[in-house]
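Analysis of the macromolecular model
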Amino acid sequence: MSIDAHLVKRIGTLQLDVELQLADGARVALLGPNGAGKSTVLRCLAGLLELDDGRITQDGRVLDRPSSRVFVEPNSRAVGMMFQDYLLFAHLDVADNVAFGLRAAGGSRRESRRTAMQLLADVGLESMAASSVGALSGGQAQRVALVRALATKPKLLLLDEPLAALDAGTRVSVRRELRQRLQKFEGVSVIVTHDPVDAFALADMVVVLDAGRMVQQGSLAELAVRPANRYVAELVGVNLIEGVVSVGRFISNDGVAISAADHDQADGPAVVTVRPQAISLYGTMPTGSPRNVWRCNVVELDIQGSRARVRLGGTIQLVAEVTTEAIGALEVHVGSQVWATVKATDVELGPA
Amino acid sequence: MIPVLGSVAIIFFVLPLAGLLWKAPWSSLWMALSTGEAPTALKLSIICSVWATGLSIVFGVPLAWMLARIEFPGRSIIRALCTLSMVVPPVVGGIALLYALGRRGLVGQYLLRWFGIRLPFTTAGVVVAQTFVAMPFLVITVEGALRQLDQRFEDAARTLGASRWYVLRRITLPSVRPALIAGAVLAWARALGEFGATITFAGSFPGTTRTMPLEVYLQLDTDPKQAIVMALVLIAVSFVVLVSLRDRWLGTAIGRDR
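A brief report on the enclosed structure follows. Since the model is a prediction, treat every value here as computed from it, not as a measurement.

The number of helices and strands found in chain B is 14 helices and 0 strands. Helices and strands in chain B line up, N terminus first, as α-α-α-α-α-α-α-α-α-α-α-α-α-α. Dimensions of chain B, computed from the C-alpha atoms along their principal axes, are close to 65 × 60 × 35 Å. Within chain B, the fraction of its 258 residues that count as buried is 42%. Partitioning the contacts of chain B with sequence separation of at least 6, the portion at a separation of at least 24 is 72%. When the accessible surface of chain B is split by element, carbon and sulfur atoms take 72% of a total near 14000 Å². In chain B, 23 side chains carry a positive charge and 12 a negative one; their mean positions are 5 Å apart.

Right under this line is the structure:
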């Protein structure tokens with residue numbers, strides 16, 4: 001096991017107590033509500049927080065074990081971290097940001113900068129090397145932050161809400177690019193997110209945290225099929241549709257074609273995820289031309305406050321989440337016919 | 001109403017300057033500056049104030065860092081003690097220095113007996129007196145900036161393999177550089193103008209402790225024209241520095257703290 005950790009930490013009202021065993025190449029998403037302890041897990045692994053109890057070992061090396069008074073400072077750990085708002089250093093240009101870790105490790109200014117230029121060229125940002133970080137777009141800043149974290153060749157990569165700071169438009173392309181980078185990364189990556197679709201796209205295992213405890217772990221598909229409790233069910237409550245990609249088009253196992261925005265999924269078995277909130281319901285065939293329109297019937301209706309979860313059957317099995325006003329306006333009840341639509345950009349296509 | 005009151009304030013500040021300019025002996029300006037005690041006093045003032053600024057940076061930045069970053073009991077009392085000399089009359093500060101570092105002072109007697117170091121009535125004493133009143137300006141300015149700084153940038157640097165010292169050098173200090181510059185300039189200006197503590201602790205010996213402000217005060221009786229010229233020099237130097245510092249630096253650094 002590359003990472004073997006038992007994290008015990010108390011901060012304010014949070015009592016974190018989580019065990020993690022992660023093998024090389026593992027990509028783990030930490031999923032959970034705000035205050036569940038996700039970021040605390042990352043900070044403990046990075047060495048920015050000292051454990052109260054438990055241990056962290058990386059490839060057999062003890063990084064933190066309060067019982068034997070071992071604590072390795074963050075700069076002596078083979079760990080890279082990318083922060084939610086990237087935290088690029090404003091007083092350094094883009095290349096010096098990327099070169100920072102190399103220089104901290106004792107590299108010469110010229111050598112470090114040259115390496116940084118190569119790394120920037122790999123992500124198509126060499127033209128921005130001498131720019132100030134303020135000149136970067138959101139997506140570019142995200143790439144620079146990732147390249148900076150990877151420049152020191154860490155064995156453990158920690159990503160705190162890597163997509164949260166991006167607008168919906170760039171999110172899809174940045175997410176796909178990040179997935180490719182992570183797939184090439186040989187170490188362990190731990191990704192904190194509160195979005196199950198991001199978790200599905202970026203990780204192959206999901207750990208659900210709530211109030212400092214691990215509620216469940218497994219693949220997203222496992223969690224969706226057998227959620228440990230109602231909380232997980234709602235959190236992971238994304239629509240997972242299995243099928244195949246052939247000639248670039250996704251066809252579900254039930255024979256329904258689903259359009260995803262431009263994707264890089266090779267032909268073969270694949271899975272589509274759709275967030276319940278991304279599904280719109282109409283009483284009549286919608287005008288305009290959304291690419292995904294299906295005629296469905298309402299199987300189940302679950303109203304909670306201002307939101308309603310609608311289980312749909314018929315052409316396709318889906319769970320939609322809409323406002324109760326929409327339910328009222330549509331006069332939806334169990335058994336009624338509706339049209340469900342999803343924008344292609346809200347369809348996440350990934351390997352099975 | 002506001003513009004009227006504001007204008008009164010402007011006039012209040014500009015008028016004394018106009019008075020000096022009006023009385024200045026323009027024809028013999030260079031003569032007044034280049035003869036007598038003026039060049040000596042000016043040189044001494046510049047040397048001492050630069051030393052005082054240097055010492056304020058060397059000791060003041062670590063103090064600012066401690067006050068901003070380390071939680072310890074009595075921190076607010078320590079902060080008050082360390083900035084007391086900003087509000088205490090300088091003469092009082094000078095007397096206090098005398099009883100601490102003077103020949104028969106609390107520590108001064110041992111400095112003299114053990115190391116043969118005598119501070120009062122020496123040029124070193126001028127530097128001590130100036131540092132005493134000037135350093136707090138730097139400390140509060142830098143401390144304010146350190147408190148404002150998002151410490152997660154330092155966390156990010158740590159995860160990139162930077163030691164604490166490296167983070168301080170390459171992230172923390174560069175991030176507070178505007179405040180550091182502003183604080184150093186304020187401290188320097190305060191040291192340059194220092195009068196009360198200097199004359200009390202270091203006396204007024206030409207060439208060793210008689211700085212520009214002291215010289216100006218003394219010449220006011222004997223040779224008012226020269227006093228005016230030297231006063232103008234002090235004003236000109238300070239004015240050039242204040243203007244050349246971009247508004248932003250002083251504005252943000254000080255504004256943050258208050």
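The subject of this paragraph is the sheet that holds strand β19 (residues 318-323) of chain A. Within a sheet, neighbouring strands are paired by backbone hydrogen bonds and run either parallel or antiparallel to one another. Residues and elements named next belong to chain A. Strand order across the open sheet formed by 5 strands is β16-β20-β17-β18-β19, with antiparallel pairing between neighbours. Across the chains shown, the open sheet's two edge strands, defined by having one partner strand only, are β16 (280-282) and β19. Taking each pair of neighbouring strands and ignoring which way they run, the sheet shows an average axis angle of 45°.

A few words on the interface of chain A and chain B. Each partner contributes to the interface: chain A provides 23 residues, whereas chain B provides 18 residues. Between chain A and chain B, roughly 1900 Å² of surface is buried when both sides are summed, and carbon and sulfur atoms account for 61% of that area. Taken together, the links from chain A to chain B amount to 4 salt bridges. Inspection of the region where chain A meets chain B yields 6 residue pairs in polar contact (both at pLDDT 80 or more). Taken together, the elements giving at least two residues each to the side of chain A that touches chain B come down to α1 (38-46), β7 (79-82), α2 (94-104) and α4 (138-150) of chain A. Examining the composition of the side of chain A that touches chain B, we find that 4 residues originate from one element, α2 of chain A, more than from any other. Per-class residue counts for the side of chain A that touches chain B are 13 nonpolar, 5 polar and 5 charged.

Taking 1.5 Å of rise per residue, the 13 residues of α4 of chain A would be expected to cover 18 Å, and the 18 Å separating its terminal C-alpha atoms lies within 8% of that figure. Counted residue by residue, α4 of chain A has 11 buried out of 13 residues, so it is predominantly covered. Buried within α4 of chain A are the following residues: G139, Q140, A141, Q142, V144, A145, L146, V147, R148, A149 and L150 of chain A. For α4 of chain A, the secondary structure elements touched by its buried residues are β7, α2, α3 (109-122), β8 (156-160) and α5 (168-184) of chain A together with α8 (152-159) of chain B.

On to the side chain of D64 of chain A. All names here are of chain A. Relative to the assigned elements, D64 resides in strand β5 (residues 61-65). Of the side chains with opposite charge, R77 lies nearest to the buried D64, which makes no salt bridge, at 4.2 Å. A polar contact is formed between the side chain of D64 and the backbone nitrogen of L51, at a distance of 3.0 Å. With sequence-adjacent residues up to four places away left out, D64 is seen in contact with L49, E50, L51, G54, R55, I56, V70, F71 and R77.

Each value, and the rule that gives it
- Residues numbered from 1 in each chain as written.
- Chains lettered and ligands numbered in written order.
- Predicted model: local features only at pLDDT ≥ 70, side-chain atom pairs only at ≥ 80, totals over all residues.
- Heavy atoms only, no water.
- Helix = DSSP H or I, 4+ residues; strand = E, 2+ residues; numbered from the N terminus.
- Buried < 20%, exposed > 50% of the residue type's maximum accessible area, 1.4 Å probe, protein only.
- Contact = heavy atoms within 4.5 Å.
- Areas by Shrake-Rupley, 256 points an atom, 1.4 Å probe, with all protein chains shown as cover.
- Lys, Arg positive; Asp, Glu negative; His and termini not counted.
- Charge placed at Lys NZ, Arg CZ, Asp CG, Glu CD.
- Pairing = 2+ DSSP bridges.
- Axes fitted to C-alpha atoms, helices over the stretch in contact; angles between N-to-C directions.
- Buried area = accessible area lost by both parts, 1.4 Å probe.
- Salt bridge = Lys/Arg side-chain N within 4 Å of Asp/Glu carboxyl O.
- Polar contact = N/O pair within 3.5 Å; in protein donor to acceptor, adjacent residues only side chain to side chain.
- Nonpolar A, V, L, I, M, F, W, Y, C, P; charged D, E, K, R; others polar.
- Expected span 1.5 Å × (residues − 1).

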